[in-house]
Amino acid sequence: MAESPEEVAVLVQRVVKDIRNAFQRNPHIDEIGLIPCPEARYNRSPIVLVENKLGVESWCVKFLLPYVHNKLLLYRQRKQWLNKDELTDITCTLLLLNPDFTTAWNVRKELILSGTLNPLKDLHLGKLALTKFPKSPETWIHRRWVLQQLIQENSLPSLVTKGNLGAAPVERIHRLVQEEMNVCSEAAGRYPSNYNAWSHRIWVLQHLGKLTVKVLLDELSSTKYWVSMHVSDHSGFHYRQFLLKSLIGRTVTDNNVLVQNQVVNEQNPSLQKEEESVGAEAACAEEQSVDLPRCLEEELELCTELIDTYPGHETLWCHRRRVFYLQHHLSNKLPLLSAVVSTVDSSDETLNNSHHSPARSHMAQAMDVDGLNESSSKQGYTQETKRLKRAPMQDSLGPEMEYRFIDKVLSTCRDADQARFATAYRKWLVTFLGQ
């Protein structure tokens, strides 16, 4: 085993070269890991490549990590020169072993900005690092930075020759979103309550997915099975709450936009033709409608099923509380908005009265769901959001149904925690509905 500085240098250079060669032989490596091996038993490379899995024998880490770490620091301090290829190899090796080393990510940012490093390779490197360190905050932060570079207008044309992303810009963004969703799902499965992974997923929807109705509904559908298999993972249920809040924020806000557009058209007929032309263009796109009351009803049904199947999990009761909160406020908002729309269509006089009435103006305001209205209002009025249903809530989804569910749980459960959570939920209902 290497002991002297010269022997360590030779060993590290060989290992770094072996890692580079492994990626050249198999660019589809999808997982990294350490192979427990206290000592070097054979005169062979500590880098093991089997199919798409890359392993590093643990005995070499105590030599490899400090050496590349110090070498990179000497470069940043301008005490040692490294060319671009050496920087790429050293930072790759270092980040696979310690992805929370910010300096290494910063060096790779400089290489990307200089055009030396393909940003897609950094996404792949980050994906590999997350298979070993799924909660690494610096990896998620760097990943968002790379995605921002990719979605810039000047960056998109350069992706045409980068393999499977050589499609239309919209298609490339769609594939980026799908890839990020897969990365987040894998990281969330490897580490319980992985807040960093779910926060990154939210960021991707906001900046790449643009929180469209189709994307939100697809995410609700795709994460249903995941949360059913991870009933104690609060971060996963919080993500579904974000999806529901985004749907509500987009729907209610765009309903207000619909009312305002109709007001303007009634007062300014010259603008109506322009509005109709925009609507005709939007109608050519795929139409998407959503029944929000039904979405919330299905979410409560999912909660009921999981609470009955997996008693004693507080996460499920907290999620049910939040869904009922959204359901209760939605039932107070959508009928009012529908009334305003009907009033607009009836007569100009009634429209003007409702427009200047403080009470009606207050009722027509969109529900502010965790600050979503500000971002949703910037997306403007489209044919897609115009078709969102504004049906009132059904009577069967009132508090009485929740009280009956609580009584059923308390009368049948044998789990002490389940009874405690049900009692706490009833107290919350009494307090919330009494406000």
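Scroll up to find the structure.
The rules we used
- Residues numbered from 1 in each chain as written.
- Predicted model: local features only at pLDDT ≥ 70, side-chain atom pairs only at ≥ 80, totals over all residues.
- Heavy atoms only, no water.
- Helix = DSSP H or I, 4+ residues; strand = E, 2+ residues; numbered from the N terminus.
- Buried < 20%, exposed > 50% of the residue type's maximum accessible area, 1.4 Å probe, protein only.
- Polar contact = N/O pair within 3.5 Å; in protein donor to acceptor, adjacent residues only side chain to side chain.
- Core = buried A, V, L, I, M, F, W, Y, C linked by side-chain atoms within 4.5 Å.
- Contact = heavy atoms within 4.5 Å.
- Pairing = 2+ DSSP bridges.
- Salt bridge = Lys/Arg side-chain N within 4 Å of Asp/Glu carboxyl O.
- Axes fitted to C-alpha atoms, helices over the stretch in contact; angles between N-to-C directions.
- Parallel < 35°, antiparallel > 145°, perpendicular 65-115°, else oblique.
- Nonpolar A, V, L, I, M, F, W, Y, C, P; charged D, E, K, R; others polar.
- Patch = residues over 30% accessible without salt bridge, like charges linked within 9 Å, V, L, I, M, F, W, Y side chains within 5 Å.
- Areas by Shrake-Rupley, 256 points an atom, 1.4 Å probe, with all protein chains shown as cover.

A.B. asks: Quick question: what am I supposed to make of the side chain of Glu299 here?
C.D. replies: Tracing the chain through its elements places Glu299 in helix H13 (residues 292-309). A relative accessible area of 3% means that Glu299 is categorised as buried. Within the structure, the side chain of Glu299 is placed 2.7 Å from the side chain of Arg240, a separation counted as a polar contact.

A.B. asks: How should I be thinking about the nonpolar core in this particular structure?
C.D. replies: By size, the foremost hydrophobic cluster in this structure holds 94 residues, and its most contacted members are Phe23, Leu72, Leu96 and Trp317. For this core, the leading source of residues is helix H1 (residues 5-25), giving eight residues. When neighbours within four sequence positions are excluded, Leu96 is seen to be in contact with Ile19, Phe23, Ile32, Leu125, Leu128 and Phe133. Counting six residues, the second-largest nonpolar core is a separate cluster that includes Trp140, Val183, Ala187 and Ala197.

A.B. asks: Where do I start with the pairing of strand E2 (residues 47-50) in this structure?
C.D. replies: On a regular strand, each side chain points to the face opposite its neighbour's, so the side chains alternate between the two faces of the sheet. In this sheet, strand E3 (residues 53-57) lies alongside E2 in antiparallel orientation, the contact comprising four bridges. Bridge pairing in E3 links Val48 to Gly55.

A.B. asks: Even after reading the chapter, I still don't get unusual backbone geometry, so can you show me in this structure?
C.D. replies: For residues besides glycine, phi is generally negative; the peptide bonds are generally trans as well. Even without a glycine there, the phi angle at Glu51 is positive, about 55 degrees. The topology assignment puts Glu51 in the loop between E2 and E3. A relative accessible area of 68% places Glu51 in the exposed class. Notably, Arg78 is not glycine yet its phi reads approximately 60 degrees, a positive angle. Here Arg78 shows up in the loop between helix H2 (61-76) and helix H3 (84-97).

A.B. asks: Which parts of the structure should I look at to understand the pattern of salt bridges?
C.D. replies: When the charged atoms of two side chains lie near each other, side chains of opposite charge can form a pair. Tallied over the full model, the rule gives 19 salt bridges. Notably, a salt bridge pairs Glu180 with Arg143, separated by 2.8 Å at the nearest N-O pair. Taken together, the positions of Glu180 in helix H7 (residues 169-190) and Arg143 in helix H6 (residues 137-150) put the pair 37 residues apart, joining distant regions of the chain. Taken as a pair, Glu180 and Arg143 share a single burial class, namely buried. When the shortest N-O distance is used, the salt bridge between Arg294 and Glu298 registers 3.3 Å.

A.B. asks: Help me understand the packing of H1 against H3, please; the structure alone is not making it clear to me.
C.D. replies: Two packed helices can be described by the angle between their axes and the distance between those axes. Remark: H1 packs on H3, axes separated minimally by 10 Å, with the N-to-C direction vectors making an angle of 90 degrees. In terms of their interaxial angle, H1 and H3 are classed as roughly perpendicular. Contacts between H1 and H3 involve Val16, Ile19, Arg20 and Phe23 from the first element and Asp89, Cys92, Thr93 and Leu96 from the second. For the contact of H1 with H3, a count of residues per class yields five nonpolar, one polar and two charged.

A.B. asks: Please clarify how the side chain of Thr139 should be interpreted in this entry.
C.D. replies: Here Thr139 lies in helix H6. Of the residues examined, Thr139 reaches a relative accessible area of 2% and is grouped as buried. Non-local contacts of Thr139, meaning those with residues more than four positions away in its chain, are made with Pro99, Trp105, Gly126 and Leu130.

A.B. asks: What's the story with a nonpolar patch on the surface in this structure? I'm lost.
C.D. replies: There is a patch of nonpolar side chains on the surface, built from Tyr225, Met229 and Tyr310 and spanning about 350 Å² of accessible area. Following the sequence through the fold, Tyr310 ends up in the loop between H13 and helix H14 (314-346). In this structure Tyr310 comes out as partly exposed when scored by relative accessible area, which is 32%.

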